[in-house]
Number of protein chains: 2
Amino acid sequence: MLERIRIVLIGTSHPGNIGATARAMHNMGLGDLALVAPRCQPLTSESISRASGADHIVHAAPVVETLEEAVADCTLAVGASARSRTLPWPMITPRALGERLPTELAGSESRVALVFGREDSGLTNAELQRCHAHVHIPTNSDFSSLNLAAAVQVLAYECRLAWLEADSSDAGQEDEPHQPLASHGELEGYFAHLERTLITIGFHDPALPRQLMARLRRFTLRARPERMELNILRGILTATEKSAGGSTPEGGRQRDNRQA
Amino acid sequence: MLERIRIVLIGTSHPGNIGATARAMHNMGLGDLALVAPRCQPLTSESISRASGADHIVHAAPVVETLEEAVADCTLAVGASARSRTLPWPMITPRALGERLPTELAGSESRVALVFGREDSGLTNAELQRCHAHVHIPTNSDFSSLNLAAAVQVLAYECRLAWLEADSSDAGQEDEPHQPLASHGELEGYFAHLERTLITIGFHDPALPRQLMARLRRFTLRARPERMELNILRGILTATEKSAGGSTPEGGRQRDNRQA
(Lines give C-alpha, C1' and ligand atoms only; values in the text may rest on other atoms or scores of the structure.)
Protein backbone atom coordinates (compact mmCIF):
# COMPACT_ATOMS: atom_id res chain seq x y z
CA MET A 1 0.00 0.00 0.00
CA LEU A 2 2.69 2.51 1.00
CA GLU A 3 4.49 2.12 -2.33
CA ARG A 4 1.45 3.56 -4.09
CA ILE A 5 1.49 6.81 -2.15
CA ARG A 6 3.31 9.68 -3.84
CA ILE A 7 4.51 12.83 -2.14
CA VAL A 8 4.39 15.82 -4.50
CA LEU A 9 6.24 19.01 -3.59
CA ILE A 10 5.45 22.12 -5.62
CA GLY A 11 7.79 25.08 -5.96
CA THR A 12 10.05 24.18 -3.04
CA SER A 13 12.64 26.88 -2.28
CA HIS A 14 14.97 25.20 0.20
CA PRO A 15 17.03 22.12 -0.64
CA GLY A 16 17.09 21.28 3.07
CA ASN A 17 13.34 20.82 3.02
CA ILE A 18 13.58 18.41 0.10
CA GLY A 19 16.20 16.36 1.94
CA ALA A 20 14.22 16.42 5.18
CA THR A 21 11.11 15.37 3.26
CA ALA A 22 12.96 12.38 1.83
CA ARG A 23 14.08 11.40 5.32
CA ALA A 24 10.56 11.73 6.73
CA MET A 25 9.21 9.63 3.86
CA HIS A 26 11.80 6.89 4.18
CA ASN A 27 11.31 6.76 7.96
CA MET A 28 7.64 6.04 7.36
CA GLY A 29 8.20 3.60 4.49
CA LEU A 30 7.27 5.90 1.61
CA GLY A 31 9.54 6.16 -1.40
CA ASP A 32 7.76 7.92 -4.27
CA LEU A 33 8.61 11.63 -4.46
CA ALA A 34 7.87 14.03 -7.32
CA LEU A 35 9.10 17.61 -7.55
CA VAL A 36 7.07 20.17 -9.47
CA ALA A 37 8.97 23.24 -10.65
CA PRO A 38 11.31 23.42 -7.67
CA ARG A 39 12.75 26.87 -7.03
CA CYS A 40 16.08 25.41 -5.92
CA GLN A 41 18.52 22.66 -6.81
CA PRO A 42 17.04 19.50 -5.26
CA LEU A 43 20.43 17.87 -4.71
CA THR A 44 22.83 19.99 -2.71
CA SER A 45 25.08 19.23 0.21
CA GLU A 46 22.35 20.57 2.47
CA SER A 47 19.58 18.39 1.06
CA ILE A 48 21.83 15.34 1.19
CA SER A 49 22.80 16.13 4.76
CA ARG A 50 19.19 16.60 5.85
CA ALA A 51 18.14 13.43 4.02
CA SER A 52 20.51 11.63 6.37
CA GLY A 53 20.75 8.50 4.26
CA ALA A 54 17.49 8.83 2.33
CA ASP A 55 18.88 10.87 -0.54
CA HIS A 56 18.21 8.00 -2.97
CA ILE A 57 14.61 9.21 -2.84
CA VAL A 58 15.68 12.66 -4.04
CA HIS A 59 17.90 11.14 -6.72
CA ALA A 60 14.98 9.10 -8.01
CA ALA A 61 12.43 11.93 -7.86
CA PRO A 62 11.24 13.14 -11.26
CA VAL A 63 11.29 16.89 -11.73
CA VAL A 64 8.31 18.06 -13.78
CA GLU A 65 6.84 21.39 -14.74
CA THR A 66 3.22 21.02 -13.67
CA LEU A 67 1.08 19.39 -11.03
CA GLU A 68 -0.82 17.61 -13.81
CA GLU A 69 2.29 15.76 -14.91
CA ALA A 70 3.12 14.78 -11.36
CA VAL A 71 -0.28 13.28 -10.63
CA ALA A 72 -1.41 12.13 -14.08
CA ASP A 73 -1.59 8.47 -13.06
CA CYS A 74 -3.05 9.08 -9.60
CA THR A 75 -6.61 8.11 -8.75
CA LEU A 76 -6.78 10.41 -5.73
CA ALA A 77 -4.99 13.69 -5.14
CA VAL A 78 -5.16 15.34 -1.73
CA GLY A 79 -3.76 18.83 -1.24
CA ALA A 80 -2.31 20.01 2.06
CA SER A 81 -4.04 23.26 2.86
CA ALA A 82 -3.42 25.59 5.75
CA ARG A 83 -6.46 27.73 5.45
CA SER A 84 -10.05 27.55 4.36
CA ARG A 85 -10.62 29.07 0.96
CA THR A 86 -13.43 31.06 -0.52
CA LEU A 87 -14.68 28.02 -2.39
CA PRO A 88 -15.40 25.28 0.13
CA TRP A 89 -13.88 21.95 -0.86
CA PRO A 90 -14.06 18.57 0.82
CA MET A 91 -11.75 18.94 3.82
CA ILE A 92 -10.48 15.97 5.78
CA THR A 93 -8.25 15.54 8.78
CA PRO A 94 -4.93 13.69 8.51
CA ARG A 95 -6.45 10.87 10.53
CA ALA A 96 -9.48 10.59 8.27
CA LEU A 97 -7.11 10.57 5.32
CA GLY A 98 -5.24 7.64 6.82
CA GLU A 99 -8.48 5.80 7.46
CA ARG A 100 -9.49 6.22 3.81
CA LEU A 101 -6.23 4.95 2.38
CA PRO A 102 -6.73 1.18 2.57
CA THR A 103 -9.98 1.50 0.61
CA GLU A 104 -8.54 4.05 -1.79
CA LEU A 105 -5.57 1.85 -2.51
CA ALA A 106 -7.47 -1.43 -2.70
CA GLY A 107 -7.29 -1.61 -6.48
CA SER A 108 -3.89 -2.46 -7.91
CA GLU A 109 -4.14 0.45 -10.37
CA SER A 110 -4.90 2.99 -7.71
CA ARG A 111 -2.38 5.55 -6.59
CA VAL A 112 -2.69 8.42 -4.13
CA ALA A 113 -0.85 11.75 -4.32
CA LEU A 114 -0.34 13.98 -1.30
CA VAL A 115 0.41 17.44 -2.62
CA PHE A 116 2.35 20.11 -0.71
CA GLY A 117 2.82 23.73 -1.74
CA ARG A 118 5.46 26.38 -1.46
CA GLU A 119 7.12 27.23 1.85
CA ASP A 120 5.92 30.83 1.67
CA SER A 121 2.54 30.60 0.01
CA GLY A 122 1.32 27.01 -0.07
CA LEU A 123 -0.79 25.79 -2.96
CA THR A 124 -2.56 28.15 -5.35
CA ASN A 125 -6.33 27.99 -5.69
CA ALA A 126 -5.89 26.48 -9.16
CA GLU A 127 -3.71 23.74 -7.68
CA LEU A 128 -6.11 23.12 -4.81
CA GLN A 129 -8.96 22.79 -7.30
CA ARG A 130 -7.11 19.96 -9.03
CA CYS A 131 -7.28 17.97 -5.82
CA HIS A 132 -10.19 15.74 -4.83
CA ALA A 133 -9.93 16.82 -1.23
CA HIS A 134 -7.86 18.96 1.05
CA VAL A 135 -6.20 17.85 4.23
CA HIS A 136 -5.60 20.27 7.04
CA ILE A 137 -3.17 19.50 9.84
CA PRO A 138 -4.66 21.09 12.94
CA THR A 139 -2.33 23.81 14.20
CA ASN A 140 -2.15 26.68 16.63
CA SER A 141 -4.20 29.40 14.96
CA ASP A 142 -1.62 32.01 16.01
CA PHE A 143 1.24 30.12 14.40
CA SER A 144 -0.17 27.84 11.80
CA SER A 145 2.53 27.47 9.18
CA LEU A 146 4.27 24.14 9.58
CA ASN A 147 7.69 23.51 8.16
CA LEU A 148 7.25 21.67 4.86
CA ALA A 149 9.07 18.51 5.93
CA ALA A 150 7.21 18.57 9.26
CA ALA A 151 3.90 18.58 7.40
CA VAL A 152 5.09 15.70 5.24
CA GLN A 153 6.20 13.92 8.43
CA VAL A 154 2.75 14.17 10.00
CA LEU A 155 0.90 12.91 6.94
CA ALA A 156 3.46 10.18 6.26
CA TYR A 157 3.07 9.09 9.89
CA GLU A 158 -0.70 8.83 9.44
CA CYS A 159 -0.14 6.82 6.24
CA ARG A 160 2.10 4.42 8.11
CA LEU A 161 -0.33 4.00 10.99
CA ALA A 162 -3.14 3.29 8.52
CA TRP A 163 -0.97 0.74 6.78
CA LEU A 164 -0.01 -0.96 10.04
CA GLU A 165 -3.64 -1.04 11.08
CA ALA A 166 -4.85 -2.41 7.74
CA ASP A 167 -2.10 -4.98 7.84
CA SER A 168 -3.01 -6.21 11.31
CA SER A 169 -6.76 -6.30 10.72
CA ASP A 170 -6.62 -7.87 7.30
CA ALA A 171 -10.12 -9.26 7.68
CA GLY A 172 -12.19 -9.09 4.52
CA GLN A 173 -13.61 -5.60 4.28
CA GLU A 174 -17.05 -5.06 2.83
CA ASP A 175 -15.47 -4.45 -0.50
CA GLU A 176 -17.63 -3.62 -3.44
CA PRO A 177 -16.13 -4.94 -6.63
CA HIS A 178 -14.06 -2.02 -7.81
CA GLN A 179 -14.32 -0.53 -11.24
CA PRO A 180 -11.12 1.27 -12.15
CA LEU A 181 -11.37 4.92 -11.24
CA ALA A 182 -10.49 7.61 -13.73
CA SER A 183 -6.93 8.84 -13.38
CA HIS A 184 -6.06 12.44 -12.79
CA GLY A 185 -4.95 12.81 -16.41
CA GLU A 186 -8.24 11.40 -17.67
CA LEU A 187 -10.15 13.77 -15.41
CA GLU A 188 -8.17 16.76 -16.63
CA GLY A 189 -8.84 15.69 -20.21
CA TYR A 190 -12.53 15.58 -19.37
CA PHE A 191 -12.53 19.01 -17.70
CA ALA A 192 -10.78 20.56 -20.70
CA HIS A 193 -13.33 18.94 -23.01
CA LEU A 194 -16.18 20.10 -20.77
CA GLU A 195 -14.94 23.68 -20.78
CA ARG A 196 -14.61 23.72 -24.59
CA THR A 197 -18.11 22.33 -24.96
CA LEU A 198 -19.62 24.84 -22.54
CA ILE A 199 -18.01 27.64 -24.52
CA THR A 200 -19.30 26.14 -27.76
CA ILE A 201 -22.88 26.04 -26.51
CA GLY A 202 -22.61 29.55 -25.13
CA PHE A 203 -22.99 28.57 -21.48
CA HIS A 204 -19.50 29.54 -20.34
CA ASP A 205 -17.56 32.72 -20.95
CA PRO A 206 -13.94 32.36 -19.79
CA ALA A 207 -13.85 36.14 -19.44
CA LEU A 208 -16.61 35.88 -16.83
CA PRO A 209 -15.89 32.52 -15.22
CA ARG A 210 -18.12 32.97 -12.12
CA GLN A 211 -16.31 29.96 -10.59
CA LEU A 212 -18.27 27.80 -13.00
CA MET A 213 -15.46 25.38 -13.78
CA ALA A 214 -14.42 25.26 -10.14
CA ARG A 215 -17.93 24.30 -9.11
CA LEU A 216 -18.19 21.64 -11.81
CA ARG A 217 -14.80 20.27 -10.79
CA ARG A 218 -15.81 20.06 -7.18
CA PHE A 219 -19.05 18.29 -8.03
CA THR A 220 -17.39 15.82 -10.37
CA LEU A 221 -14.40 15.03 -8.17
CA ARG A 222 -16.74 14.42 -5.24
CA ALA A 223 -18.34 11.58 -7.17
CA ARG A 224 -14.93 9.92 -7.85
CA PRO A 225 -15.80 8.98 -11.43
CA GLU A 226 -14.99 5.55 -12.71
CA ARG A 227 -13.20 5.38 -16.03
CA MET A 228 -16.31 4.02 -17.70
CA GLU A 229 -18.44 6.83 -16.35
CA LEU A 230 -15.99 9.39 -17.62
CA ASN A 231 -16.16 7.77 -21.03
CA ILE A 232 -19.94 8.21 -21.01
CA LEU A 233 -19.59 11.86 -20.00
CA ARG A 234 -17.08 12.48 -22.76
CA GLY A 235 -19.40 10.79 -25.20
CA ILE A 236 -22.14 13.20 -24.17
CA LEU A 237 -19.79 16.14 -24.71
CA THR A 238 -18.84 14.91 -28.17
CA ALA A 239 -22.51 14.46 -29.07
CA THR A 240 -23.25 17.94 -27.71
CA GLU A 241 -20.51 19.50 -29.83
CA LYS A 242 -21.64 17.68 -32.94
CA SER A 243 -25.19 18.62 -32.33
CA ALA A 244 -24.21 22.23 -31.79
CA GLY A 245 -22.09 22.66 -34.82
CA GLY A 246 -19.86 19.87 -36.02
CA SER A 247 -20.28 16.99 -38.37
CA THR A 248 -21.90 13.70 -37.50
CA PRO A 249 -19.94 10.48 -37.25
CA GLU A 250 -21.80 9.13 -40.30
CA GLY A 251 -19.92 11.79 -42.24
CA GLY A 252 -21.28 13.87 -45.07
CA ARG A 253 -23.56 16.20 -43.19
CA GLN A 254 -22.01 19.53 -42.36
CA ARG A 255 -23.44 22.41 -40.50
CA ASP A 256 -21.81 25.72 -40.71
CA ASN A 257 -23.06 27.43 -37.64
CA ARG A 258 -19.88 27.51 -35.67
CA GLN A 259 -19.80 31.26 -35.61
CA ALA A 260 -23.48 31.87 -36.34
CA MET B 1 -3.99 21.06 28.96
CA LEU B 2 -1.28 21.77 26.36
CA GLU B 3 0.44 24.29 28.62
CA ARG B 4 1.20 21.50 31.05
CA ILE B 5 3.11 19.40 28.57
CA ARG B 6 6.88 19.88 28.60
CA ILE B 7 9.28 18.86 25.87
CA VAL B 8 12.67 17.85 27.26
CA LEU B 9 15.67 17.56 24.93
CA ILE B 10 18.76 15.83 26.29
CA GLY B 11 22.24 16.37 24.91
CA THR B 12 21.18 17.97 21.63
CA SER B 13 24.07 18.58 19.20
CA HIS B 14 22.54 20.73 16.48
CA PRO B 15 21.12 24.19 17.13
CA GLY B 16 18.92 23.76 14.05
CA ASN B 17 17.15 20.87 15.76
CA ILE B 18 16.44 23.02 18.81
CA GLY B 19 14.97 25.76 16.64
CA ALA B 20 12.93 23.29 14.58
CA THR B 21 11.69 21.70 17.81
CA ALA B 22 10.49 25.11 19.03
CA ARG B 23 8.65 25.66 15.76
CA ALA B 24 7.02 22.22 15.89
CA MET B 25 5.96 22.85 19.49
CA HIS B 26 4.51 26.29 18.81
CA ASN B 27 2.67 25.01 15.72
CA MET B 28 0.93 22.49 17.94
CA GLY B 29 0.30 24.89 20.81
CA LEU B 30 3.02 23.68 23.15
CA GLY B 31 5.34 26.20 24.81
CA ASP B 32 7.31 24.56 27.61
CA LEU B 33 10.79 23.45 26.53
CA ALA B 34 13.67 22.34 28.76
CA LEU B 35 17.21 21.62 27.60
CA VAL B 36 19.33 19.10 29.47
CA ALA B 37 23.10 19.42 28.98
CA PRO B 38 22.92 20.55 25.36
CA ARG B 39 26.07 19.86 23.34
CA CYS B 40 25.67 23.08 21.38
CA GLN B 41 24.68 26.70 21.83
CA PRO B 42 20.87 26.68 21.83
CA LEU B 43 20.56 30.17 20.37
CA THR B 44 22.40 30.58 17.11
CA SER B 45 21.41 32.10 13.80
CA GLU B 46 20.56 28.61 12.61
CA SER B 47 18.31 27.76 15.52
CA ILE B 48 16.55 31.12 15.24
CA SER B 49 16.12 30.65 11.51
CA ARG B 50 14.70 27.14 11.91
CA ALA B 51 12.42 28.34 14.72
CA SER B 52 10.85 30.61 12.12
CA GLY B 53 9.22 32.89 14.66
CA ALA B 54 9.04 30.51 17.62
CA ASP B 55 12.45 31.36 19.07
CA HIS B 56 10.81 32.86 22.17
CA ILE B 57 10.40 29.23 23.24
CA VAL B 58 14.15 28.68 23.01
CA HIS B 59 14.83 31.97 24.82
CA ALA B 60 12.56 30.90 27.66
CA ALA B 61 13.88 27.33 27.90
CA PRO B 62 15.82 26.57 31.07
CA VAL B 63 19.15 24.83 30.55
CA VAL B 64 19.80 22.27 33.27
CA GLU B 65 22.39 19.62 33.94
CA THR B 66 20.27 16.53 34.52
CA LEU B 67 17.02 14.92 33.49
CA GLU B 68 15.97 14.89 37.14
CA GLU B 69 16.05 18.67 37.30
CA ALA B 70 14.13 19.01 34.06
CA VAL B 71 11.27 16.77 35.16
CA ALA B 72 11.25 17.36 38.89
CA ASP B 73 7.74 18.85 38.90
CA CYS B 74 6.27 16.42 36.37
CA THR B 75 3.72 13.78 37.31
CA LEU B 76 4.43 11.66 34.26
CA ALA B 77 7.59 11.36 32.19
CA VAL B 78 7.51 9.51 28.89
CA GLY B 79 10.72 8.79 27.01
CA ALA B 80 10.90 8.61 23.24
CA SER B 81 12.62 5.38 22.36
CA ALA B 82 13.58 4.12 18.96
CA ARG B 83 14.31 0.57 19.84
CA SER B 84 13.20 -2.05 22.27
CA ARG B 85 15.65 -2.37 25.13
CA THR B 86 16.94 -5.29 27.03
CA LEU B 87 14.90 -4.25 30.02
CA PRO B 88 11.20 -4.42 29.16
CA TRP B 89 9.37 -1.25 30.07
CA PRO B 90 5.81 -0.08 29.54
CA MET B 91 5.74 0.85 25.88
CA ILE B 92 2.95 2.90 24.37
CA THR B 93 2.20 4.19 20.92
CA PRO B 94 2.01 7.93 20.23
CA ARG B 95 -1.73 7.59 19.79
CA ALA B 96 -2.16 5.80 23.10
CA LEU B 97 -0.06 8.52 24.71
CA GLY B 98 -2.43 11.15 23.33
CA GLU B 99 -5.41 9.22 24.60
CA ARG B 100 -3.92 9.09 28.08
CA LEU B 101 -3.16 12.80 28.28
CA PRO B 102 -6.57 14.20 29.25
CA THR B 103 -6.70 11.85 32.22
CA GLU B 104 -3.08 12.38 33.13
CA LEU B 105 -3.50 16.15 33.02
CA ALA B 106 -6.89 16.29 34.72
CA GLY B 107 -5.44 17.57 37.97
CA SER B 108 -4.30 21.20 37.92
CA GLU B 109 -0.97 20.25 39.49
CA SER B 110 -0.22 17.54 37.00
CA ARG B 111 2.42 17.96 34.36
CA VAL B 112 3.68 15.61 31.66
CA ALA B 113 7.21 15.53 30.25
CA LEU B 114 8.04 14.06 26.86
CA VAL B 115 11.74 13.28 26.85
CA PHE B 116 13.90 13.07 23.72
CA GLY B 117 17.49 11.89 23.55
CA ARG B 118 20.61 12.67 21.54
CA GLU B 119 20.57 12.79 17.74
CA ASP B 120 23.16 10.04 17.52
CA SER B 121 22.39 7.76 20.44
CA GLY B 122 18.98 8.56 21.89
CA LEU B 123 18.35 8.15 25.58
CA THR B 124 20.60 6.07 27.80
CA ASN B 125 19.18 3.13 29.67
CA ALA B 126 19.51 5.11 32.90
CA GLU B 127 17.48 7.94 31.41
CA LEU B 128 14.87 5.58 30.01
CA GLN B 129 14.50 4.00 33.41
CA ARG B 130 13.64 7.37 34.87
CA CYS B 131 10.59 7.50 32.65
CA HIS B 132 7.23 6.01 33.56
CA ALA B 133 6.75 4.72 30.07
CA HIS B 134 8.36 4.73 26.67
CA VAL B 135 6.77 5.89 23.49
CA HIS B 136 7.83 4.47 20.18
CA ILE B 137 6.97 6.14 16.91
CA PRO B 138 6.44 3.36 14.39
CA THR B 139 9.06 3.58 11.66
CA ASN B 140 10.51 1.69 8.76
CA SER B 141 12.67 -0.97 10.38
CA ASP B 142 15.38 -0.38 7.77
CA PHE B 143 15.55 3.33 8.47
CA SER B 144 14.22 3.97 11.90
CA SER B 145 16.01 7.04 13.17
CA LEU B 146 13.74 10.07 12.94
CA ASN B 147 15.09 13.56 12.92
CA LEU B 148 14.78 14.94 16.45
CA ALA B 149 12.40 17.76 15.53
CA ALA B 150 10.37 15.38 13.36
CA ALA B 151 9.90 13.09 16.36
CA VAL B 152 8.84 16.07 18.48
CA GLN B 153 6.47 17.07 15.66
CA VAL B 154 4.73 13.71 15.65
CA LEU B 155 4.26 13.56 19.42
CA ALA B 156 3.22 17.22 19.63
CA TYR B 157 0.69 16.53 16.89
CA GLU B 158 -0.75 13.65 18.89
CA CYS B 159 -0.91 15.92 21.95
CA ARG B 160 -2.82 18.52 19.98
CA LEU B 161 -5.26 15.98 18.56
CA ALA B 162 -5.93 14.65 22.04
CA TRP B 163 -6.52 18.18 23.29
CA LEU B 164 -8.86 19.01 20.41
CA GLU B 165 -10.76 15.82 21.00
CA ALA B 166 -11.08 16.45 24.71
CA ASP B 167 -12.07 20.02 23.98
CA SER B 168 -14.73 19.23 21.44
CA SER B 169 -17.52 17.76 23.47
CA ASP B 170 -19.28 19.92 20.92
CA ALA B 171 -19.27 17.42 18.08
CA GLY B 172 -18.48 20.25 15.69
CA GLN B 173 -16.00 18.64 13.34
CA GLU B 174 -14.18 20.83 10.89
CA ASP B 175 -17.16 20.51 8.62
CA GLU B 176 -17.46 22.48 5.45
CA PRO B 177 -20.37 24.86 5.60
CA HIS B 178 -23.19 22.94 4.00
CA GLN B 179 -25.14 24.20 1.06
CA PRO B 180 -28.63 22.80 0.88
CA LEU B 181 -28.69 19.50 -0.97
CA ALA B 182 -30.99 18.97 -3.91
CA SER B 183 -34.27 17.34 -3.00
CA HIS B 184 -35.45 14.08 -4.43
CA GLY B 185 -37.96 15.92 -6.61
CA GLU B 186 -35.32 18.28 -7.92
CA LEU B 187 -33.10 15.35 -8.77
CA GLU B 188 -35.88 13.58 -10.63
CA GLY B 189 -36.62 16.78 -12.55
CA TYR B 190 -32.96 16.93 -13.49
CA PHE B 191 -32.80 13.30 -14.63
CA ALA B 192 -35.90 13.77 -16.82
CA HIS B 193 -34.34 16.90 -18.33
CA LEU B 194 -31.04 15.07 -18.85
CA GLU B 195 -32.76 12.20 -20.65
CA ARG B 196 -34.67 14.55 -22.97
CA THR B 197 -31.48 16.40 -23.81
CA LEU B 198 -29.52 13.24 -24.50
CA ILE B 199 -32.25 12.14 -26.89
CA THR B 200 -32.17 15.57 -28.57
CA ILE B 201 -28.45 15.43 -29.20
CA GLY B 202 -28.69 11.86 -30.45
CA PHE B 203 -26.69 10.28 -27.64
CA HIS B 204 -29.49 8.27 -26.10
CA ASP B 205 -32.02 6.00 -27.71
CA PRO B 206 -34.71 4.93 -25.24
CA ALA B 207 -35.27 1.85 -27.39
CA LEU B 208 -31.67 0.80 -26.71
CA PRO B 209 -31.07 2.18 -23.23
CA ARG B 210 -27.85 0.25 -22.45
CA GLN B 211 -28.30 1.21 -18.79
CA LEU B 212 -27.19 4.70 -19.74
CA MET B 213 -29.59 6.57 -17.47
CA ALA B 214 -28.93 4.13 -14.63
CA ARG B 215 -25.21 4.78 -14.84
CA LEU B 216 -25.68 8.54 -14.95
CA ARG B 217 -28.01 8.36 -11.97
CA ARG B 218 -25.55 6.33 -9.95
CA PHE B 219 -22.74 8.73 -10.76
CA THR B 220 -24.78 11.82 -9.95
CA LEU B 221 -26.33 10.51 -6.75
CA ARG B 222 -22.94 9.45 -5.47
CA ALA B 223 -21.88 13.10 -5.52
CA ARG B 224 -24.92 14.17 -3.42
CA PRO B 225 -25.53 17.32 -5.52
CA GLU B 226 -26.28 20.57 -3.83
CA ARG B 227 -29.26 22.53 -5.11
CA MET B 228 -26.99 25.17 -6.61
CA GLU B 229 -24.97 22.55 -8.46
CA LEU B 230 -28.11 21.01 -9.87
CA ASN B 231 -29.16 24.43 -11.11
CA ILE B 232 -25.86 24.75 -12.97
CA LEU B 233 -26.32 21.32 -14.52
CA ARG B 234 -29.86 22.20 -15.63
CA GLY B 235 -28.54 25.43 -17.10
CA ILE B 236 -26.05 23.42 -19.14
CA LEU B 237 -28.85 21.15 -20.38
CA THR B 238 -30.93 24.14 -21.44
CA ALA B 239 -27.96 25.67 -23.27
CA THR B 240 -27.29 22.31 -24.93
CA GLU B 241 -30.85 22.04 -26.16
CA LYS B 242 -30.82 25.59 -27.49
CA SER B 243 -27.50 25.06 -29.16
CA ALA B 244 -28.68 21.81 -30.72
CA GLY B 245 -31.89 22.95 -32.15
CA GLY B 246 -33.54 25.95 -30.66
CA SER B 247 -32.70 29.60 -30.80
CA THR B 248 -29.80 31.09 -28.91
CA PRO B 249 -30.47 33.38 -26.02
CA GLU B 250 -29.35 36.23 -28.26
CA GLY B 251 -32.12 35.15 -30.64
CA GLY B 252 -31.91 34.87 -34.36
CA ARG B 253 -29.88 31.73 -34.99
CA GLN B 254 -31.88 28.73 -35.98
CA ARG B 255 -30.60 25.32 -36.81
CA ASP B 256 -32.71 22.65 -38.29
CA ASN B 257 -30.78 19.60 -37.35
CA ARG B 258 -33.22 17.94 -35.03
CA GLN B 259 -33.52 14.92 -37.26
CA ALA B 260 -30.41 15.40 -39.34
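Structure: see above.
Description of the structure in this document.

Cut-offs and rules
Residues numbered from 1 in each chain as written. Chains lettered and ligands numbered in written order. Predicted model: local features only at pLDDT ≥ 70, side-chain atom pairs only at ≥ 80, totals over all residues. Heavy atoms only, no water. Helix = DSSP H or I, 4+ residues; strand = E, 2+ residues; numbered from the N terminus. Expected span 1.5 Å × (residues − 1). Buried < 20%, exposed > 50% of the residue type's maximum accessible area, 1.4 Å probe, protein only. Pairing = 2+ DSSP bridges. Contact = heavy atoms within 4.5 Å. Axes fitted to C-alpha atoms, helices over the stretch in contact; angles between N-to-C directions. Parallel < 35°, antiparallel > 145°, perpendicular 65-115°, else oblique. Left-handed = near helix turned anticlockwise from the far one by under 90°. Nonpolar A, V, L, I, M, F, W, Y, C, P; charged D, E, K, R; others polar. Salt bridge = Lys/Arg side-chain N within 4 Å of Asp/Glu carboxyl O. Polar contact = N/O pair within 3.5 Å; in protein donor to acceptor, adjacent residues only side chain to side chain. Phe/Tyr/Trp six-rings, centres within 6.5 Å; stacked < 30°, edge-to-face > 60°. Buried area = accessible area lost by both parts, 1.4 Å probe.

1. Quick notes on helix α1 (residues 15–27) of chain B
Every α-helix winds through 3.6 residues per turn, so residues three or four apart in the chain are directed the same way. When the terminal C-alpha atoms of α1(B) are compared, their 19 Å separation across 13 residues agrees well with the 18 Å that a helix rising 1.5 Å per residue should span. Counting buried positions along α1(B) gives 13 out of 13 residues, so the element sits mostly inside the fold.

2. Regarding the sheet that holds strand β3 (residues 63–64) of chain A
All names here are of chain A. Taking strand neighbours across the sheet as the criterion, the 7 strands line up as β3-β2-β1-β6-β4-β7-β5 in an open arrangement whose pairing is parallel. Among the strands making up the open sheet, the edge pair consists of β3 and β5 (91–92). As judged from the 2 bridges shared by strand β2 (residues 32–36) and β3, these two strands associate in the parallel manner. Following the sheet pairing, Leu35 is matched in β3 by Val63.

3. As for the sheet that holds strand β4 (residues 76–80) of chain B
All names here are of chain B. Taken together, the 7 strands give an open sheet; going across it, the order is β3-β2-β1-β6-β4-β7-β5, and neighbouring strands pair in parallel fashion. Edge positions in the sheet fall to β3 (63–64) and β5 (91–92), since each of these pairs with one other strand and no more. Seen against the sheet, helix α7 (residues 148–167) touches β1 (5–10), β6 (112–116) and β7 (133–135) and runs at an angle of roughly 155° to β6.

4. Details of the packing of helix α8 (residues 184–200) of chain B against helix α10 (residues 227–244) of chain B
Residues and elements named next belong to chain B. Viewed as axis vectors pointing N to C, α8 and α10 meet at an angle of 20°, and their least axial separation amounts to 10 Å. Considering the angle they form, α8 stands roughly parallel to α10. Once α8 is placed against α10, the crossing between them reads as left-handed. Taken together, the residues of α10 that come into contact with α8 (itself represented by Glu186, Leu187, Gly189, Tyr190, His193, Leu194, Arg196, Thr197 and Thr200) are Arg227, Leu230, Leu233, Arg234, Leu237, Thr238, Thr240, Glu241 and Ala244. Its residues assigned to classes, the contact of α8 with α10 shows 7 nonpolar, 6 polar and 5 charged.

5. Remarks on the pattern of salt bridges
Following the criterion strictly, the structure yields 32 salt bridges over all chains and no others. Between Glu127(A) and Arg118(A) there is a salt bridge, and its shortest N-O distance comes to 2.7 Å. Accessibility classification places Glu127(A) together with Arg118(A) in one group, the buried group. In this structure, Arg39(B) and Asp120(B) form a salt bridge, with 3.1 Å as the shortest nitrogen-oxygen distance. A residue pair is termed long-range when its members are at least 10 positions apart, and Arg39(B) in the loop between β2 (32–36) and α2 (45–51) and Asp120(B) in the loop between β6 and α6 (125–128) qualify at 81 residues. Under the relative-accessibility criterion, Asp120(B) is labelled exposed at 59%. In this structure, a network of salt bridges that share partners links the residues Arg6(A), Asp32(A), Asp73(A) and Arg111(A).

6. Topic: the side chain of Thr240(A)
Within the secondary structure, Thr240(A) is located in helix α10 (residues 227–244). Judged by relative accessible area, which is 5%, Thr240(A) ranks as buried. A polar side-chain atom of Thr240(A) sits 2.7 Å from the main-chain carbonyl oxygen of Ile236(A). Among all residues touching Thr240(A), those that are not within four sequence positions of it are Thr197(A), Ile201(A), Ile201(B) and Thr240(B).

7. Overview of the packing of aromatic side chains
For the structure shown, the criterion picks out 4 aromatic pairs over all chains. Here Phe219(A) and Phe219(B) contribute two aromatic rings whose centre-to-centre distance is 6.3 Å and whose plane-to-plane angle is 85°, an arrangement assigned as edge-to-face. Remark: Phe219(B) occurs in helix α9 (residues 212–222) and Phe219(A) occurs in helix α9 (residues 212–222); the pair is interchain, linking two chains. Here Phe219(A) matches Phe219(B) in class, with each residue buried. Pairing Tyr190(B) with Phe191(B) gives two aromatic rings, centres 5.5 Å apart and planes at 55°, and the pair type is tilted. When sorted by exposure, Tyr190(B) lands in the same class as Phe191(B), which is buried.

8. Regarding the interface of chain A and chain B
With 64 residues of chain A at the contact, the number on the chain B side is 60 residues. Where chain A abuts chain B, roughly 5,400 Å² becomes buried across the two surfaces, and 62% of that area is made up of carbon and sulfur atoms. Considering only the side of chain A, the residues that lose the most area to chain B are Phe143(A), Tyr157(A) and Phe219(A), jointly responsible for 13% of the buried surface there. Scanning the region where chain A abuts chain B turns up 7 salt bridges. At the boundary of chain A and chain B, one finds 24 residue pairs in polar contact (both at pLDDT 80 or more). Top contributing element to the side of chain A that touches chain B by residue count: α10(A), with 10 residues. Per-class residue counts for the side of chain A that touches chain B are 33 nonpolar, 18 polar and 13 charged.

9. Digging into the environment of Gln41(B)
Note that Gln41(B) resides in the loop between β2 and α2. C-alpha of Gln41(B) to C-alpha of Thr12(B): the two residues are 29 residues apart in sequence and 9.4 Å apart in space.

From the geometry alone we can't say anything about function, so treat these as descriptive.
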